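Topology and contacts: notes
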4 protein chains.
Amino acid sequence: MTHPAPPAPLAPGDFRVADLSLAEAGRHQIRLAEREMPGLTALREEYAESQPLAGARIAGSLHMTVQTAVLIETLTSLGAQVRWASCNIFSTQDEAAAAVVVGAGTPEAPAGVPVYAWKGESLEEYWWCTDRIFRFPAAEGVPAGPTLILDDGGDATMYLLEGAAAEDAGGVPADGEDDPAEVRAFRAQLRTALAELEAAGETGRFSRIAAQLEGVSEETTTGVNRLYRLAEAGNLPFPAVNVNDSVTKSKFDNRYGIRHSLPDGLNRATDVLIGGKVALVIGYGDVGKGATEAMAGQGARVLVSEVDPICALQAVMDGYQVVTTAEAVPEADFVITTTGNTRVLTVEDLQHLKPGAIVGNVGHFDDEIDLAGLAKLPGVSAVEIKPQVHEWTIPAAEGTGRETTSILVLSEGRLLNLGNATGHPSFVMSASFANQVMAQIELHSGETQYEAGVHRLPKVLDEKVARLHLPALGARLSELTKEQAEYIGVDVAGPYKPEHYRY
Amino acid sequence: MTHPAPPAPLAPGDFRVADLSLAEAGRHQIRLAEREMPGLTALREEYAESQPLAGARIAGSLHMTVQTAVLIETLTSLGAQVRWASCNIFSTQDEAAAAVVVGAGTPEAPAGVPVYAWKGESLEEYWWCTDRIFRFPAAEGVPAGPTLILDDGGDATMYLLEGAAAEDAGGVPADGEDDPAEVRAFRAQLRTALAELEAAGETGRFSRIAAQLEGVSEETTTGVNRLYRLAEAGNLPFPAVNVNDSVTKSKFDNRYGIRHSLPDGLNRATDVLIGGKVALVIGYGDVGKGATEAMAGQGARVLVSEVDPICALQAVMDGYQVVTTAEAVPEADFVITTTGNTRVLTVEDLQHLKPGAIVGNVGHFDDEIDLAGLAKLPGVSAVEIKPQVHEWTIPAAEGTGRETTSILVLSEGRLLNLGNATGHPSFVMSASFANQVMAQIELHSGETQYEAGVHRLPKVLDEKVARLHLPALGARLSELTKEQAEYIGVDVAGPYKPEHYRY
Amino acid sequence: MTHPAPPAPLAPGDFRVADLSLAEAGRHQIRLAEREMPGLTALREEYAESQPLAGARIAGSLHMTVQTAVLIETLTSLGAQVRWASCNIFSTQDEAAAAVVVGAGTPEAPAGVPVYAWKGESLEEYWWCTDRIFRFPAAEGVPAGPTLILDDGGDATMYLLEGAAAEDAGGVPADGEDDPAEVRAFRAQLRTALAELEAAGETGRFSRIAAQLEGVSEETTTGVNRLYRLAEAGNLPFPAVNVNDSVTKSKFDNRYGIRHSLPDGLNRATDVLIGGKVALVIGYGDVGKGATEAMAGQGARVLVSEVDPICALQAVMDGYQVVTTAEAVPEADFVITTTGNTRVLTVEDLQHLKPGAIVGNVGHFDDEIDLAGLAKLPGVSAVEIKPQVHEWTIPAAEGTGRETTSILVLSEGRLLNLGNATGHPSFVMSASFANQVMAQIELHSGETQYEAGVHRLPKVLDEKVARLHLPALGARLSELTKEQAEYIGVDVAGPYKPEHYRY
Amino acid sequence: MTHPAPPAPLAPGDFRVADLSLAEAGRHQIRLAEREMPGLTALREEYAESQPLAGARIAGSLHMTVQTAVLIETLTSLGAQVRWASCNIFSTQDEAAAAVVVGAGTPEAPAGVPVYAWKGESLEEYWWCTDRIFRFPAAEGVPAGPTLILDDGGDATMYLLEGAAAEDAGGVPADGEDDPAEVRAFRAQLRTALAELEAAGETGRFSRIAAQLEGVSEETTTGVNRLYRLAEAGNLPFPAVNVNDSVTKSKFDNRYGIRHSLPDGLNRATDVLIGGKVALVIGYGDVGKGATEAMAGQGARVLVSEVDPICALQAVMDGYQVVTTAEAVPEADFVITTTGNTRVLTVEDLQHLKPGAIVGNVGHFDDEIDLAGLAKLPGVSAVEIKPQVHEWTIPAAEGTGRETTSILVLSEGRLLNLGNATGHPSFVMSASFANQVMAQIELHSGETQYEAGVHRLPKVLDEKVARLHLPALGARLSELTKEQAEYIGVDVAGPYKPEHYRY
């Protein structure tokens, strides 16, 4: 399968990546990844002719990895125009970014997709890249800006909506004294953009884009939570498809992806034996379930910390000890946060860790582990052992019998499976991204009329995604007889379960 | 904790069980079971004073086991009057039934609850027992019949609604030529009951009960499916609470209960090694997931057969081979059906089995395995090896190289975990039954107004059930800080997840 | 396959079992068990003609179960004469014993093998039964007594050697004040036997049997340890084959047998949920490894207690927490002893248990749990909940915050998998017993000359046992090429590994 | 813990590594590794004063990794002089080699140990490096050459013995027509060395070293097999300690090391999802057991191929399907060889693989997979995807319906866990290497007199190694009472098991 040719060479300067000479290496990896992404390749075949995304202009904000490259090129092969940024400052694979930019062209004459992403962006650069994906130029009969957002974590959506709000309010709010660096960088970028637009005579552009948007499809729990809160507050002016809660996303990517990429990240970062060690997993949602399975599968003894009694009871019934975080930290060799919540590993917790303990996050944002708080402690120091691996020496908690303790922190508290390894493997992303593609088609085609608000994909599409991935795993499905389908009141072709079914 | 004293001695003859002299042995077991049912004992304490079921008259149809005895006595300790039948002809534990009948009385002067159940009922006896649970006598200011149904599989609800329908239609439909024995026995009982009521001048009693009913709470997937179809067809005149789909039921009882009781039933029935053998599990829903985990946990190699692509993909990702039933039967040492559907193991499948293959069902009804069809094959014979274990000798399928094959069938195709062992362990049933008790309270208290139709319990009650069971397992919950609760937009006390969350 | 016809009807009274009318039920189970014992049925076929045990007179002391029945009838079908007792007072399955006695005859005219065994023997009866297996009558050219012992735990061997020692010493040692009841009963029986022999003019019979014995084959770790100590002390006057340490015994029966029969025994005894509970397994040898796997496979959290650092390190690397027994008992829901050592669960430990804790032994003797010590504590009481299940109420240890605690003790501290269930499944015993049969052939045939002392079977026979069991499990072996065999310096037909290889 | 200072700066040119400027990075990693190697650090402390290796001159041939650096510096801290080469052309970690060379010195003035190793040696360079480790210079009262060999795979020992044989025979055998490149390179180096020695007037040096050698300690199954064959043929003139068969080596390094490093190598090489895929593991010895556990722990379905019926039966009982290699290859996504045998994956097998199948070896030599044979097939091509990952395009076998297939081959068939990742983690190597250190002490101290031939370490040292590693994993050992030790006939301090015990 070859990548699709875009309609025209890229405008000079309409991209920013680390090094275009990496494109060939990236193309190699993309080609191997396509073999592992049967969902996306099946969709390319199915829709090769009908081009359901013709006319769509998609602003994408999602880890710029090899797998995402296959997603991007699936979107363009279905007719879409695409601009892309990463949703994490460390997660870009530079060779993938280069290959997508080069496309059918050459490093000298790139003819692919405008990508703005590289590994190791600063916070300022991060928001600048995010700004760029909205810069689809106006053309004959086509207004400027995207018609769709494909989001991961909600940053692109937030940037658009806050931009529109600032246009309404006549300016960006001032920074508070305690505002974190992330927020300051975000606001600074917004101020710059509004100034630029004003200078260019395009005042109101954020609001115009929000008004013309067909919708957003969102990848993660964290982003979906933001969307639900926007919708409840009446602040979501377009439809959003919650891709995260497709079964073939939340129960596959979140769980089986982490099962694969968590130990991968730990191993590449530290080479430390997992077997026989004590791992504390904070959170027993889908991500936490995958994390415990991975660690237990390597022979670690896993302790689970939870706030939700149902998830806690599941952990116990699955054979894990459920304790509070505070109880567990003194004996943990590994601490993995998986919650999507804030400061679930506190400064106090960190000070109780044993020397050599390894700390990492596979939840969403980098504030699951309170490194910001830790950095403020007097006497703290951190050295980089190798990229994305820091040894912090910190004052130990009283009663530990230690003056200081020294711990290894992975990816500065950001997603370690992306920062220390290469993220989820292609096969898992194929399921998630097949949902994304179908969500974009749903929003663009207009066949179903989605109101402003948050929607899930119809179950039958969820089942379709699963169905596309079974043959590659050698699985053969049995079929309902007509008698059996009637007996349980479903169609022979599905959907097979009631909406509330939990899998 | 002692069982509650009922208001008065039982009317002579107002029960039918195997042998009241078993009551002491039953009481022993009930006492031990109470230690394993922290959910029910906690509810007894919480509601000892407020008596939220005072005035409720509950008709119960659910396996009459030791655990159900603890449920029944929890209901009466909260103020309810109760009448009980089993929902399966083989599942009654006679000593439990005896103990519930005797209650605080003696075998000579029983003072407990009217129970109609014994192990090994005929189909005719089964429906007669079901009829009895509706026979609450009228009293001063209290009309005859129950105000609530507590159902498992929907038989009690069906009996009431078909009775009412027959009253409307002026009679019970005639039997068709191919109608199974179950249906004929059901109709025969209805005809008898209608005749009795007419003779007693109580014509229209079924309809009157349906009209006065506060609702039904239903235990199983099968029963819930029936209710949804009734509701869709406009034939459900009262509210129903779907207890099955409480997370603490469907993902605990269905899964962890089967994980325990499936190998228990196989072992007691056959004493055959599970390790190293090939087990075919048909269906990978919650019950199927528990079944595969149990068999794999004993070292069997598990093959899974599925029709739903999402469940099939889960099975593959969990490491199991997914094949069609027809492909798998020739190499299977064990075949376990878990679907709740009909004839998922056909006569043809059975004829392909190896000599010595063991066949059993933990789904719902006894037609998952087409034993009725098998019995009609020429040359088939079956001998009882021991109670609930039959060796069938049947003509082998062509191409197997065998003239005949001989297979072991457990519990005549009914629930083998109940027929060959003692069903789910108390702890698991404590979660399910705590949901049942709270459902009955919800329906009776009137605090929430439930419309006719099918409802699930509020998530916060689901979480409460989980919370009640954690201390007994030594689990300690972490707590959200106020900051964290706000961050994810929930209350510190829960519920913690959106409605669509799948656990 | 039919059972073999013995040469003549049994002499009247030359057996003692519970009830011969159980023979038909027993024969049914034996027939089903033969399907699960491919090792033994293959040996019957292989040796049908050559009758390698012709002339052998075997005194057997091993749990008189259905599987042992298949062993006994394999021995007789190879030409041996056999007399049998159980090696445990609770482990006899009465229907199996009856079927073996009846053999090809009828309950009225039994024509099988003289068996002395029933479920629930007293200690006195136990040793009387053991005495009987040595009572092969003298015949034309054949002296009285056996030529071989087939032993489990070493009781038969000990009885013979102590008998011979008493003959030498002129009497049985007197009982000491603290001697346990077992020892007293043993000596009492020896005294009776010596008196009987003297009365019958057969003084010196024990010594004569010891002198004529071709050898003993021993089943268990415990019995083997006894043999090694006898040999070291110069007190083993005949060869002994250590069957226990064949790989296909110690790593199959001990491990996979317990994996199956431990949860089976727990379930039949108590019906208590294993999942989510805390299980303390004392000992991480082969039995302990099987026990932990079984409990973990049901979702329990397993704690391991060990004295051997290598086994302890294995447990840790397998993901289990290794703690001292004293640390673990307060939080254990189940305590399982697997050591073959004495008082590994002390009175003090028992007093720290939670109410409802379940205690059982799958090691060897009943003194792993110090119930004898416990019974001497003031204020202790025990009630039988059901056969082989006792609820002990005992004073709780200080600091537990409890006055008393109440625990469930299974099979009075004897092997719970035999006392509360039916022991190891047939398939596992087929491997162990195929080793036994080949050991008896080795000792009887004289092809290899075994010195007095303890020997293991040649590795090639061990591999043969494995090979006999693979087809029934659908396993297909690859074969070494000649080039490969030479490369690693073995024969294409095996043995494949050096003697010290550990599997 | 700082590394030990050697007595003097390294002679200029007396080492060859990739780049001394990597030393600082290597020292960082060595420091972190020391935290994970409690066995070696404990031995450093125990023997700091007594210096039991004073006077020993050790020629080491073992993968030159970070962990080996800790081993080397443990040996020198106990008084030894050491020279080192890697035993594999791809396994050197260049920064570790640099740090060991630099030692307490600087890159400009290295003062460590003479190391000859770099990642990516040619065959010629490999044997040149091996030659160098024997070049201890003569000194006052000290003859030239080593007194001990520390070997992995037996190459150093073979080089010495073949050198001595060539000295005896007056020359190196001529190359045969079909001799593989490895053999030719080996002989070429020998010829060069003999010529050099002759030129330097040191004829007979190989024989003199062999005569003065105190012994060799060997790390692997493969090397041990070679030693046993040498000893049987009377060609082993000095004692050899079989470190591989210490329990704390063969059942830890082989099993738990591979469990960790196999998926690590696969992930770093390919980023392909393991879960849900089919993995064929060839061989179910200790390495195979670890490999299956790793793959199953990630949710793969594992097929096992075996020639040994006992290991095959273990695989079945552990729940894996046992099939022939030929049957399994068409459906395998991963094929992992673990046997230590030759051509266990044939050209024919490789041609049956699916496109995208991933093939790798964790056995010993690179001929487990017949890549040499494959390379000779007409029409074969191979491209390097990234270092140590090659995509081979080969003619597909008839009947597959494919013209060609394309497979990924890792590390050119050499140990993928070393070639594609960093080998076993430090903790596991700590156990193996603690055995090595104790073996060297045993051979050097002369306390026990070891004859020429192959020996295993006493069990009590094996138990000591385990004991040294338990505290770091939080494990607490129970202790035998005196009564218990007597009961089972052992010393309270161990050893606890008979020699034949298998763990």
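Cut-off values and rules
- Residues numbered from 1 in each chain as written.
- Chains lettered and ligands numbered in written order.
- Predicted model: local features only at pLDDT ≥ 70, side-chain atom pairs only at ≥ 80, totals over all residues.
- Heavy atoms only, no water.
- UniProt positions renumbered as here; feature names shortened; annotations may be inferred.
- Pairing = 2+ DSSP bridges.
- Helix = DSSP H or I, 4+ residues; strand = E, 2+ residues; numbered from the N terminus.
- Contact = heavy atoms within 4.5 Å.
- Axes fitted to C-alpha atoms, helices over the stretch in contact; angles between N-to-C directions.
- Least-squares fit on C-alpha atoms with pLDDT ≥ 70 in both.
- Buried area = accessible area lost by both parts, 1.4 Å probe.
- Salt bridge = Lys/Arg side-chain N within 4 Å of Asp/Glu carboxyl O.
- Polar contact = N/O pair within 3.5 Å; in protein donor to acceptor, adjacent residues only side chain to side chain.

Chain A appears in an unreviewed UniProt entry as Adenosylhomocysteinase from Brevibacterium salitolerans. Reading the Sequence similarities (unreviewed entry) entry of the UniProt record for chain A gives the comment "Belongs to the adenosylhomocysteinase family." Database annotation for chain A, UniProt heading Function (unreviewed entry): "May play a key role in the regulation of the intracellular concentration of adenosylhomocysteine."

Details of the sheet that holds strand S11 (residues 358-361) of chain D
An order of S9-S8-S7-S10-S11-S14-S13-S12 (chain D) is seen for the eight strands of this open sheet, with the pairing classed as mixed. With one partner strand each, in any of the chains shown, strand S9 (321-322) and strand S12 (381-386) of chain D form the two edges of the open sheet. Summarising the sheet, strand S7 (residues 278-282) of chain D and strand S8 (residues 301-305) of chain D pair through five bridges and their orientation is parallel. Looking at S8 of chain D, one finds that Leu 280 of chain D is bridged to Leu 303 of chain D. Contacts between helix H1 (residues 23-35) of chain A and the sheet are confined to S12, strand S13 (389-395) and strand S14 (404-410) of chain D, with S12 of chain D contributing the most and set at about 105 degrees to the helix.

Side note on the relation of the copies chain B and chain A
You can overlay chain B on chain A at an RMSD of 0.0 Å; the transform is a turn of 180 degrees with a shift of 0.0 Å along its axis. Such a turn and shift between the copies fits a two-fold axis. If distances are taken from each C-alpha of chain B to the rotation axis, the shortest is found for Arg 502 of chain B, at 2.2 Å. When you check the interface residues of chain B against chain A, 100% turn up at the interface there too, and the contact is symmetric in its surfaces.

Quick look at the interface of chain A and chain C
In this assembly, twelve residues from chain A lie in contact with twelve residues from chain C. Summed over both partners, the interface of chain A with chain C buries about 830 Å², with 58% contributed by carbon and sulfur atoms. Interface area lost by chain A to chain C is led by Arg 301, Met 317 and Gln 321 of chain A, which between them contribute 49%. Scanning the region where chain A abuts chain C turns up zero salt bridges. Joining chain A to chain C, the criterion identifies two residue pairs in polar contact (both at pLDDT 80 or more).

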